[in-house]
Amino acid sequence: MANENLTVAVLGPGGVGGLLAGLLARTGHRVICLAGDETARTLRDHGIRVRSEHFGEFTARVEADTELREPVDVVFVTVKHTALDSALERVPAKMLNADALVVPLLNGVEHPAALRERYGAERVAPAVIRVESTRVAPAVIEHGSPFVEIDLTGDTVARGPLDRLTGALEWAGVKAAVLDGEAAALWAKMAFLAPLALLTTRYEVALGDLRTRYREELVALVEETAAVGRASGAATDPVAALARYDSFPAEMKSSMQRDAEAGRTLELDAIGGALLRAADQHGVPVPVATRLVGELESLHS
């Protein structure tokens, strides 16, 4: 695919957003990071530093501001779901052209509806990302996984802008694809993420201990989540999900678990709450998920 020059805004240049900002800026795209005053100033002064065994160590120059003040081709939304409403104030709808893409890379399955209400269905292209990447200091990103993979969806947007973005991501070293069916893409991630997030956070263990000491509970929760995914229109496969858990490094932790360790607000409603609401909507029993969400609410209220 071609690498057409794009102007890209990144709302929330943390572990995921900062990595994408650095990779796209390094390959010639104009990148505007949207963040608070202090972070924006650091980014303007020093750029984004990426440390990665896969991509090497580099610093990319980016622009930064507290609010989007000009039209862009793409807006990546990479904030935590808990900060979404306030963060979106940095991206006024009036600043988006009709063919601009708003690409949320958020956990959960409910956010596309809110974004479409705010920006219009013709602009919102929900996506999922598979990566382990952490902001270890302002404008310093550590990328730990040997891959970055993004699945874009285009149920309500034009295909041309999606193809342009896919080409730019591929040139930047990101494996990108456009999938048919938004529900399938979002639930494919949810079916993997929800069991990992809920169990590692509840029991305060990394993936290696989870898949041995808590194997029975993991299997049960994977099967529950897959059943909700199928009822929601996705071909979720519990056997494939378990195989992925078994293939990942034993020391892997979920982002929810890291938030709990740092005393940050958990994305419990966006992940566990959304799972329970979808289960209730479709009449799917999820006793393990219900218990875990209740216990986490009690522990982190």
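Note that this is a predicted model, so its numbers are computed, not measured. (Residues numbered from 1 in each chain as written. Predicted model: local features only at pLDDT ≥ 70, side-chain atom pairs only at ≥ 80, totals over all residues. Heavy atoms only, no water.)

A. Broad picture of the overall build of the chain. Secondary structure summary: the chain contains 12 helices and 12 strands in total. Rg of the C-alpha trace for the chain: 19 Å, near the compact-globule value of 19 Å for 301 residues, within the 12% margin. C-alpha atoms of the chain, sized along the principal axes, occupy 50 × 35 × 35 Å. The buried share of the chain, taken over its 301 residues, is 54%. Partitioning the intrachain contacts of the chain with sequence separation of at least 6 by distance along the chain shows that 71% fall at a separation of at least 24. Looking at the chain as shown, the accessible area adds up to about 12900 Å², and 48% of this sits on carbon and sulfur atoms. (Helix = DSSP H or I, 4+ residues; strand = E, 2+ residues; numbered from the N terminus. Rg over C-alpha atoms; globule rule 2.2 N^0.38 Å. Buried < 20%, exposed > 50% of the residue type's maximum accessible area, 1.4 Å probe, protein only. Contact = heavy atoms within 4.5 Å. Areas by Shrake-Rupley, 256 points an atom, 1.4 Å probe, with all protein chains shown as cover.)

B. Seen up close, the packing of aromatic side chains. A full pass over the atoms with the stated rule returns three aromatic pairs. Geometrically, the ring pair formed by F192 and F248 is tilted, given 5.5 Å between the ring centres and 45 degrees between the ring planes. With F192 in helix α6 (residues 182-203) and F248 in the loop between α9 (238-247) and α10 (255-262), this pair connects stretches of sequence that are 56 residues apart. The residues F192 and F248 share a single accessibility class, namely buried. Between Y203 and Y214, the aromatic rings sit 4.2 Å apart at their centres with planes inclined by 10 degrees, giving stacked as the arrangement. Within this pair, whereas Y203 is found in helix α6, its partner Y214 is found in the loop between α7 (207-213) and α8 (215-231), the two being separated by 11 residues in sequence. Across the pair, exposure class does not vary: Y203 and Y214 are buried alike. Among the aromatic residues, those joined into a cluster by ring pairs are F192, Y245 and F248. (Phe/Tyr/Trp six-rings, centres within 6.5 Å; stacked < 30°, edge-to-face > 60°.)

C. Structural context of the sheet that holds strand β10 (residues 140-143). An order of β4-β3-β10-β9 is seen for the four strands of this open sheet, with the pairing classed as mixed. If you trace the sheet from one side to the other, it starts and ends with β4 (56-60) and β9 (133-137), each paired once. Strand-to-strand twist across the sheet, computed as the mean angle between neighbouring axes with direction ignored, equals 20 degrees. Here four bridges tie β9 to β10, and the two strands are oriented antiparallel to one another. In the strand pairing of β10, S133 is matched with H143. Each of β3 (48-52), β4, β9 and β10 is contacted by helix α1 (residues 15-26), which is oriented at about 80 degrees to β4, the strand it contacts most. (Pairing = 2+ DSSP bridges. Axes fitted to C-alpha atoms, helices over the stretch in contact; angles between N-to-C directions.)

D. Highlighting the sheet that holds strand β5 (residues 63-65). Taken in spatial order, the five strands make up an open sheet running β5-β2-β1-β6-β7, and their pairing is parallel. Each edge of the sheet is formed by a strand with only one pairing partner; in this case those strands are β5 and β7 (101-104). In this sheet, neighbouring strand axes are inclined to one another by 20 degrees on average, regardless of whether the strands run parallel or antiparallel. In this sheet, strand β2 (residues 30-34) lies alongside strand β1 (residues 7-11) in parallel orientation, the contact comprising five bridges. By the bridge assignment for β2, V8 is matched with V31. Here helix α5 (residues 159-171) sits on the sheet in contact with β6 (74-77) and β7, set at roughly 55 degrees to β7.

E. Quick peek at the side chain of T201. Within the secondary structure, T201 is located in helix α6. Among the polar contacts made by the side chain of T201, one reaches the main-chain amide nitrogen of Q257 at a distance of 3.2 Å. Beyond its immediate chain neighbours, meaning those up to four positions away, T201 contacts S254, M256, Q257, A260, L266, L296 and H300. (Polar contact = N/O pair within 3.5 Å; in protein donor to acceptor, adjacent residues only side chain to side chain.)

F. View of the pattern of salt bridges. Overall, the coordinates contain 22 salt bridges when judged by the stated rule. Linking R213 and D209 is a salt bridge whose minimum nitrogen-to-oxygen distance equals 3.9 Å. One end of the pair, R213, and the other, D209, are both in helix α7, four residues apart, so they sit about a helical turn from each other. Of the residues examined, R213 reaches a relative accessible area of 54% and is grouped as exposed. Given a relative accessible area of 36%, D209 falls into the partly exposed group. Notably, a salt bridge pairs R291 with E217, separated by 2.4 Å at the nearest N-O pair. Of the two residues, R291 is situated in helix α12 (residues 287-299) and E217 in helix α8; the sequence distance between them amounts to 74 residues. Note on E217: relative accessible area 15%, which makes it buried. Bridged by salt links that share partners, the residues K80, D259, R264 and E267 form one connected network. (Salt bridge = Lys/Arg side-chain N within 4 Å of Asp/Glu carboxyl O.)

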